[in-house]
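Descriptive analysis of the structure
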Amino acid sequence: MKGQERGVSADPYRRRRRGGVPILIVALLVASGLSLSLGAVDLAGVEVAAVLSGKLGLSWFGEAGSQAEAVVWGIRLPRLLMGVVVGAALAATGAVLQGVLRTDLADPHLLGIGPGAAIGAAIGAGAGGVPGAIAGGVAAGIMTSLFVRRLHRRASADQTRLILSGVALGATLGAWVGFVVFASNRSVVPPIEFWLLGGLAGSTWRAVGTATVYLVLAVGGLITVTRTIDLLAVGPSEAWQLGVDVDLTMTIIFIVVGAAVGVTVGAVGVVAFVGLLVPFLMRRLAGPLHRHLIPAAMVGGALLLVSADLLSRLLIEPVEVPVGLITAAVGGPLFLWLISKGRDG
């Protein structure tokens, strides 16, 4: 009994995780079902189930119609899976950045990494379609991330200065995205609103497969060093005293984060505030330890992006609102509140 009490006191978030994470998973499944059913062509749940079971060689729900199969398998399922993968990756990278930078204000796109990756992704899209966009996004994301790492060294302990520098960098790079897009072949390169506001509409099975391979490697790498991230979250001097090569480790983490963000931008454009909002909320649910926080954030990020994409399709039918507008409408006020809270504190 005493051992159980010590275990609970040592991990006060355990009960929240046991109750909260399963609820998030159920909510994600519900949102996924609605995403497959609702849109320009509404489908009954049994039609969606017939398509999915038919692809597994089962006939539990009868034979799927050709229209239902084309909509679910050809359009909505790859779109849904892309939302899950990208949302999970953005939330995971946001959780890592907030940990190693020791501020709730950190977000891959607020720091300028997303807009920087968009420049390379737009150039890559003109040269080689989606694979080229992802490769270009990875290269530019890593370069921008290393530049932000340099800004972090100069900002020292002033985290607000770092975030504001990142916002200014992002605004500048966002303008250059526009120049690149307007100078490119407009029949090949997606429009400017795709790169700056994001969208899942063009997701294909090939794009989902390519993005998933890259993101599994990147996020999987971050998950393997959660203990080191925990030490960096305590403080660089404390981490150094415990044997962590702080400068090298931080640089590697920024490289991996830049690569992951570059993949997401190359696949769906810039989707802001997922990496800010989700880790901020999940930290209250899962606690500060990143071995718990990152998986919880991944589920929350997938839920947020799938839900935002569903809302983007239904909000002003038949017009589709960019998904980045939905996430910014939620994340923007939170960012302003965190800034004011930091100044008041």
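Preceding this paragraph is the structure being described.
The text that follows walks through the structure, step by step, so that each part is easy to find. Not measured: the values here are computed from a predicted model.

About the cut-offs
Residues numbered from 1 in each chain as written. Predicted model: local features only at pLDDT ≥ 70, side-chain atom pairs only at ≥ 80, totals over all residues. Heavy atoms only, no water. Patch = residues over 30% accessible without salt bridge, like charges linked within 9 Å, V, L, I, M, F, W, Y side chains within 5 Å. Areas by Shrake-Rupley, 256 points an atom, 1.4 Å probe, with all protein chains shown as cover. Salt bridge = Lys/Arg side-chain N within 4 Å of Asp/Glu carboxyl O. Helix = DSSP H or I, 4+ residues; strand = E, 2+ residues; numbered from the N terminus. Buried < 20%, exposed > 50% of the residue type's maximum accessible area, 1.4 Å probe, protein only. Axes fitted to C-alpha atoms, helices over the stretch in contact; angles between N-to-C directions. Parallel < 35°, antiparallel > 145°, perpendicular 65-115°, else oblique. Left-handed = near helix turned anticlockwise from the far one by under 90°. Contact = heavy atoms within 4.5 Å. Nonpolar A, V, L, I, M, F, W, Y, C, P; charged D, E, K, R; others polar. Phe/Tyr/Trp six-rings, centres within 6.5 Å; stacked < 30°, edge-to-face > 60°. Lys NZ or Arg CZ within 6 Å of the ring centre and 35° of its normal. Expected span 1.5 Å × (residues − 1).

Next up on the list: a nonpolar patch on the surface. Together, V46, L56, L58, W60 and F61 give the surface a local cluster of nonpolar side chains, amounting to about 570 Å² of exposed area. Note that L58 resides in the loop between helix 3 (45-55) and helix 4 (66-101). Note on L58: relative accessible area 30%, which makes it partly exposed.

Two numbers describe how helix 2 (residues 14-37) lies on helix 13 (residues 290-314): the axes approach to 9 Å, and their chain directions differ by 30°. Regarding the angle of helix 2 to helix 13, the classification is roughly parallel. Judged by the twist between their axes, the crossing of helix 2 over helix 13 is left-handed. Within the contact between the two elements, helix 2 uses R17, V21, L24, I25, A27, L28, A31, S32, L34 and S35 and helix 13 uses H292, A296, V299, A302, L303, V306, S307, L310 and R313. Looking at side-chain class alone, the contact of helix 2 with helix 13 contains 13 nonpolar, four polar and two charged residues.

Another aspect to go through is the pattern of salt bridges. One pass over the structure, following the stated rule, counts eight salt bridges. For D247, the salt bridge goes to R153, with nearest N and O atoms at 3.0 Å. Placement of D247 in helix 11 (residues 246-268) and of R153 in helix 5 (residues 113-155) is noted, with a sequence separation of 94 residues between them. Overall, the relative accessible area of 38% leaves D247 in the partly exposed class. Through salt bridges with shared partners, one network takes in R79, D309, R313 and E320.

With phi around 60°, R102 is a residue other than glycine that occupies positive phi space. With respect to the helices and strands, the residue R102 is situated in the loop between helix 4 and helix 5. For F273, which is not glycine, the phi torsion reads 75° and is therefore positive. By the secondary structure assignment, F273 is in the loop between helix 11 and helix 12 (274-286). For F273, a relative accessible area of 12% translates into the label buried.

We now examine the packing of aromatic side chains. Summed over all chains, the structure comprises four aromatic pairs. The ring of F280 is capped by R284, whose NZ or CZ atom sits 3.9 Å from the centre of that ring.

Relative orientation of the contacting elements helix 12 and helix 13 amounts to 130°, with a least axis distance of 8 Å. Here helix 12 is positioned oblique relative to helix 13, judged by the angle of their axes. Crossing of helix 12 over helix 13 shows right-handed handedness. Taking contact as the criterion, the partners of V274, L277, V278, P279, M282, R283 and A286 in helix 12 are, on helix 13, H292, L293, A296, A297, G300, G301 and L304. Tallied by class, residues from the contact of helix 12 with helix 13 come to ten nonpolar, three polar and one charged.

This brings us to helix 2. Between the first and last C-alpha of helix 2 there are 35 Å, a value that for 24 residues agrees with the 34 Å anticipated at 1.5 Å per step. Taken as a whole, helix 2 has its buried residues at R17, G20, V21, L24, L28, A31, S32, S35, L36 and S37. Lining the buried residues of helix 2 we find helix 3, helix 4, helix 12 and helix 13. Positioned one or two residues after helix 2, G39 has a phi angle of 160°, which is positive.

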